[in-house]
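Summary of structural features
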Amino acid sequence: MNTRATTPAPSATGSEGDRDDSARVWEELVTSALLGTDRRPPSVLAAATVTGVTGKGMTGPGVTDPNVTGPGVTGPSGTGAGVTGRGMTGPSTTGPSLTSPSVTGPGVTGPSVTGPGVTGPSVTGPGVTGPGVTGPGVTGLGGTGAGVTGTGLTGVDLPGVLLDAAAVHTVRRRAGLRPGPAAPPLDLAPDDPRRPLPAGARRRLDQLLAGRAAPSPAAGRRGAAPDLAELLPQWLTLANERGYKAPPAALPALLDAARARTDLRPQALRLAGPRGLWLAGLNPEWRFALRGTGAAGRLPSPGDAEGVRLLWDEGLFAERVALLAAVRTEDAGAGLALLASTWPAERAEDRLMFLDSLRAGLSDADEEFLEAALADRSRNVRATAAELLSALPASAFAGRMAGRAATCVGLDRTAETPTISVEAPHECDAAMQGDGLVPTPPAGRGERSWWLGQLVEAAPLSCWPARFGGRTPEEIVALPVADDWQGELHAAWCRAAVRQRDASWSRALLGAPAIPPATGPGTSSLAERAQLLATLPADERARWVAAFVAAHGLSEAFQLLGVCAVPWAEPLGAAVIDALDIARDAGSYPWSFSGVMGLAERCLAPEAARQLESLTALPDEEEDTAPGAGGYWSEAFQRLVSTLRLRAAMHAELTETGTGTGTGTGS
Amino acid sequence: MNAMGVRWTADQVLALAPDEASRRAGSRLGTAGVWSGTGCGDGAVWGVCAGSGGRSYETVVDLTGPAYTCACPSRKFPCKHALGLLLLHASDGTAVAEGTPPEWAGPWLAKRRERAEAPSRPAGTGASGATADPEAARRRAERRAARITAGAQELEQRLADLMRGGLATAEQAGYGLWEETAARMVDAQAPGLAGRVRELGAIPGSGPGWPVRLLEECALTHLLDRAWLAADRLPADFAATVRTRVGLTAPADGAPVRDHWLVLAQYDTADARLTTRRVWMYGTSTGRTALLLSFGAAGRAPGLALPVGALLDGELTPHSGAGRLRAEPGEHFVPVDAPVSPPPGGPVGEALGAYGRALSDDPWLDSWPVTLRQVVPTRAEYGWQLADADGREALPLTPAAQNRPGLWRLVALSGGAPLTVFGECGHRGFTPLAAWSPEAPAETVPLI
């Protein structure tokens, strides 16, 4: 091989001129090729030949040029050797920052090109000489070259000469490429002190992220394999709880997942951590991560008074909302003070959002501020302030509402049995409007019942036992209501129980789970029931829904199941499995229960897999069942079982702390 | 060295998938619920997958090949069942128990083992081709060479016409002219020339500076024509390179190299006719880099699939000529349970130097496999580049690599800090294919 030691000294002379020359020659070649040699003969070839540049290459000396000592320096066409021997490299052909030697160095063969990596071949260039040079083809070409000089471009194979020259130039340029200047480095990604995922969990994450983009299968028929996309949220939550960080190589897939599914964002971004945000800052597609919840990673800590102040005064709206939420969670009083400091200057829609963040950590300490907000210019702000105040039963606002409600709803002592009588308000006066009541009902509702509903909803539930002679919520709900007001009144109590998170009233309004929904004491709306259930403790919720499912089956249970804590507590899981079994025996198809099935896959305790095992068998087809249903059910149960197993495996992988941290600290 | 028991990782298994759809389908099947009768042992895994509609498929994977067989009618290779089975085997230590192959798996495995036991390259088999009729074979070769020569001359004529008329006309002529010339080269049995011509046809109007690129490629095609026409006067090695470039397959007749091979990268490129799979391997003790090529008809996955990042013990037989990188895999690859470390490498300047040196053996090379050490991905105005950690010199990424998802894996893995990257370095820039971070140097992160 050629080495730098053989780099010849001669070309050290006039390297600057070489560079200009070679660039000019290449430009000329390109122009000639572009326009056609007929129209524009490559004059440089002739000119170069006249100046004797090619002469050296075409005749003996060129072939035996001392610097071409290595074997394998080849090139069937020798004519160009001399022509491009001076480094014919066009800047226009170079890559964005790949520079050719004639650009970075003072010449192809110049001794000053002594940087690392500039070795013989790239200097002398392959294709300069070779067997072809001595071959007959070359002598022929050499002859044409001579013809060029001699006869002035007539009767010559100009295209061949041009291509010869261009070929040598091209190989030379490629062989002599040098790196370009480095751009300024990126900022280093911030350090993430969390521990890395155990190996098993890493593989699981890759699998879940790879399965995320799977197209949802045709309706009804989902096969026996688990739906991986549905398991990703659980996995993320669990991994975050255990304090793991995402493996760097998985960050792009994780950010893509969060981009596609907003419900994944908070957990995915938390797992991605500071390096995820660093990465998102480089790719406009992931800009979402820098907004809203994503920006939480860059918020100053709530204790950093100066940083909080600065961001609150100068931050973007989303950053300020996130900041207020963070401060409020840390110290409710400080959050309120922060908001109050700039309250009058905020825009109406911003005020609404900020006010909403007070919902977290709401206490009597907020009453004064909310009371003031009742006089706000914006009606939506007033309504929200009223809603928040009504969740504070001890507030003056609640007292006013209790007074108003008591004048409308009372016990009719004249009736034979105790009955609730209702006298809806006749007007919605200024004071009522000042307390957030909306005077105009939506289309289709009477004014008076609309006002009544709002009053009862905003009144503290604690005022009713006194109003009804010390009766318990159950007893009050059981009382008959005069003049068809029952529906209106109970619905308003439901809203109040949800808003005030009152478990005893919720319990009373839900009634016994076994009572058919349509004839229950409180509400028959499943959506309202689900909301009421959410105010009960988790185990009581599970027991209530289990009893409901046992009594009424699954067809109405979907919303109720959705508010139960995951994984489902024992009585609930068993009840759902039994109900599915019953539904199968009754001859329905599994896709009638696809919603519940999907929930069960995500929410059943993994231990339930054992109970389900027997159901995956393919039953014999009986006459009275729906055709093929047995096979579909077996498939659905298989999927349920395999999903539960997968979840169990996920948990196990994320729990193997011994190995994960052991290797981390050991090495 | 009991390599039979080595489990593959899910990453490695997923890297075997012929396409994204199989990867997803395989992921869904990688759970215990759908499998029965699973077992593993003697370097193989088997199981019965409950397919949709009550059908079930027997799947067997020989990990030493790797080779797959499945009762399903899928034409993908490996099929989703084989992938699912491997994922199950990879993810869950308890799901697949040790055992002896059942009767539906035994014969196939036994046959594969038998073939592996047989001498890998008996001297006698070489004669099978030669015995046919050496005289006829020689005549066939001569006829083909004559056709290619005619083709090369015709191509020379077309290039000369193009130069006379000017490249500016090439843009107006459109793609049809090139297609026709390419078809003529196919008729001349010179697929290498045909491929070059097709690429020439794609250059006109392909963005700023296309006339320069077209002139460069025309000139190199001209160089190849001339080299072919003078092939008998070239040194043997270079002549072999020229023949391979023109499209005559060089025989894999080098001495087989046995080593622990690290699978660096595997990726497919497809055109209307053919899917080409490239697998880069690095021999950890020989220091040799090898390229395995495998082909599939359009839309079908090529047969060869190796898990990226795995260390495999086996033989590769190099081809002669062209760059001397291409090799044929031996019959048998056994996973090795040994720590993996990236190939040695250097700064970006050295990578370009290596490409330049390689050009002296094969001036038609578009790129050369290199490993960059201590490089950092950074962003210049024109796009991403890999810069030396000292911040002086940098290699731009190729335009294609700028838009791949793998770029972001590279950036994420780096976090702004230096790392080791393997890829192809050429005149268009650098294509990153695999990377290793200093924190986990044993883990090969595929970038494509």
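Just so you know, these numbers come straight off a predicted model, no measurement behind them. (Residues numbered from 1 in each chain as written. Chains lettered and ligands numbered in written order. Predicted model: local features only at pLDDT ≥ 70, side-chain atom pairs only at ≥ 80, totals over all residues. Heavy atoms only, no water.)

1. A look at the interface of chain A and chain B
Applied cut-off: It only takes one pair of heavy atoms within 4.5 Å for two residues to be counted as in contact. Buried area is calculated as the accessible area (1.4 Å probe) missing from two parts once they are joined, with the contributions of both summed. The working definition used for a salt bridge is a side-chain nitrogen of Lys or Arg within 4 Å of a carboxyl oxygen of Asp or Glu. Pairs of N or O atoms within 3.5 Å make up the polar contacts considered here, provided that, within protein, one atom can donate a hydrogen while the other can accept it, and that residues adjacent in sequence are counted only when both atoms are side-chain atoms. Per the convention used, a helix needs a DSSP run of H or I reaching at least four residues, while a strand needs a run of E reaching at least two, with both numbered from the N terminus. Polar here means any residue outside two lists: the nonpolar Ala, Val, Leu, Ile, Met, Phe, Trp, Tyr, Cys and Pro, and the charged Asp, Glu, Lys and Arg; Gly therefore counts as polar. At least two bridges found by DSSP between two strands are what make those strands a pair.
Counting from both sides, the interface comprises 88 residues of chain A and, opposite them, 82 residues of chain B. For the pair chain A and chain B, the summed buried area comes to about 7000 Å², and 65% of that belongs to carbon and sulfur atoms. The interface formed by chain A and chain B holds six salt bridges in total. Across the pair Arg202(A) and Glu443(B) runs a salt bridge whose closest N-O atoms are separated by 2.9 Å. Linking chain A with chain B are 20 residue pairs in polar contact (both at pLDDT 80 or more), by the criterion used here. For the side of chain A that touches chain B, the elements supplying multiple residues, two or more each, are α1 (15-35), α9 (136-152), α10 (158-175), β1 (180-181), α11 (199-212), α13 (251-260), α14 (265-280) and α34 (629-655) of chain A. Its residues assigned to classes, the side of chain A that touches chain B comprises 50 nonpolar, 20 polar and 18 charged. In terms of strand pairing, β1(A) meets strand β13 (residues 393-396) of chain B through two bridges, oriented antiparallel. Its bridge partner lying in β13(B), Pro181(A) is registered against Glu393(B).

2. Regarding the pattern of salt bridges
Residue and element names in this part refer to chain A. For the structure shown, the criterion picks out 45 salt bridges over all chains. Where Glu457 meets Arg495, a salt bridge forms, and the shortest distance between an N and an O atom there is 2.8 Å. On the criterion of sequence distance, the pair formed by Glu457 in helix α23 (residues 447-458) and Arg495 in helix α26 (residues 486-499) is long-range, its members being 38 residues apart.

3. What about the sheet that holds strand β14 (residues 419-426) of chain B?
Note the threshold: A fitted line through C-alpha atoms serves as each axis, taken over the contacting stretch for helices, and the angle formed by two N-to-C directions is quoted from 0 to 180°.
In spatial order, the strands read β1(A)-β13(B)-β12(B)-β11(B)-β14(B)-β15(B)-β16(B); together these seven strands make up an open sheet with antiparallel pairing. Both edges of this open sheet fall to β1 of chain A together with β16 (440-446) of chain B, since each of them pairs with a single strand only. Of the pairings in the sheet, the one linking β14(B) to strand β15 (residues 429-437) of chain B comprises seven bridges and is antiparallel in character. In the strand pairing of β15(B), Thr420(B) is matched with Trp436(B). Sheet strands in contact with helix α12 (residues 348-361) of chain B are β11 (367-380), β12 (383-388), β13 and β14 of chain B, and its direction is about 150° off that of β11(B).

4. Things to note about α10(A)
All names here are of chain A. Cut-off, in case you're wondering: Every helix has an expected span of 1.5 Å times one less than the residues it contains. To sort residues, take the accessible area from a 1.4 Å probe on protein chains only and compare it with the maximum for the residue type: under 20% means buried, over 50% means exposed, and anything in between is partly exposed.
Helix length check: α10, at 18 residues, gives a terminal C-alpha distance of 26 Å against a target of 26 Å (1.5 Å per residue), a fit within 8%. Burial of α10 is extensive: 18 of the 18 residues sit out of reach of the surface. The residue sitting at the N-terminus of α10 and contributing the capping side-chain oxygen is Asp157; that oxygen lies 3.1 Å from the backbone nitrogen of Gly160.

5. Observations concerning the domain arrangement of chain B
Operational definition: All the domain ranges listed were derived from an automatic or database domain assignment.
Per the domain assignment, the segments of chain B are domain 1 (3-117), domain 2 (137-246), domain 3 (257-335) and domain 4 (348-446). Here the C-alpha centre of domain 4 of chain B lies 35 Å away from the C-alpha centre of domain 1 of chain B.

6. Here's the deal with the state of the cysteines
All names here are of chain A. To keep things clear, this is the line we draw: Disulfide: a pair of cysteine sulfur atoms within 2.5 Å of each other.
Applying the stated criterion across every chain, the model contains zero disulfides over all chains. Sulfur of Cys463: no disulfide; nearest cysteine sulfur belongs to Cys408 and is 11 Å away. Considering cysteine sulfurs only, Cys564 is the nearest to Cys603, which forms no disulfide, with 8.6 Å between them.

7. Considering the packing of aromatic side chains
All names here are of chain A. The line we're drawing: Here is the rule: rings of Phe, Tyr and Trp (six-membered ring for Trp) pair when centre to centre is within 6.5 Å. Planes less than 30 degrees apart are stacked, more than 60 are edge-to-face, and the remainder are tilted.
Scanning the entire structure with this criterion turns up ten aromatic pairs over all chains. With a centroid separation of 5.1 Å and 70° between ring planes, the pair formed by Trp343 and Phe369 is classed as edge-to-face. Of the two residues, Trp343 sits in the loop between α17 (332-342) and α18 (348-356) while Phe369 sits in helix α19 (residues 367-373), which places them 26 residues apart along the sequence. Relative accessible area serves as the criterion here: at 12%, Trp343 is assigned to the buried category. Ring geometry for Trp493 and Trp505: centres 5.2 Å apart, planes at 55°, overall tilted. Taken together, the residues span a long stretch of sequence, with Trp493 in helix α26 and Trp505 in helix α27 (residues 503-510) at a distance of twelve residues. Here the two residues Trp493 and Trp505 agree in accessibility, since each one is buried.

8. Concerning the sheet that holds strand β2 (residues 44-50) of chain B
All names here are of chain B. Strand order across the open sheet formed by four strands is β1-β2-β3-β4, with antiparallel pairing between neighbours. One side of each edge strand has no neighbouring strand; the edge strands of this open sheet are β1 (35-41) and β4 (67-70). When the angles between neighbouring strand axes are averaged without regard to direction, this sheet yields 10°. Examined bridge by bridge, β1 and β2 share five bridges and lie antiparallel to one another. Its bridge partner lying in β2, Trp35 is registered against Cys49.

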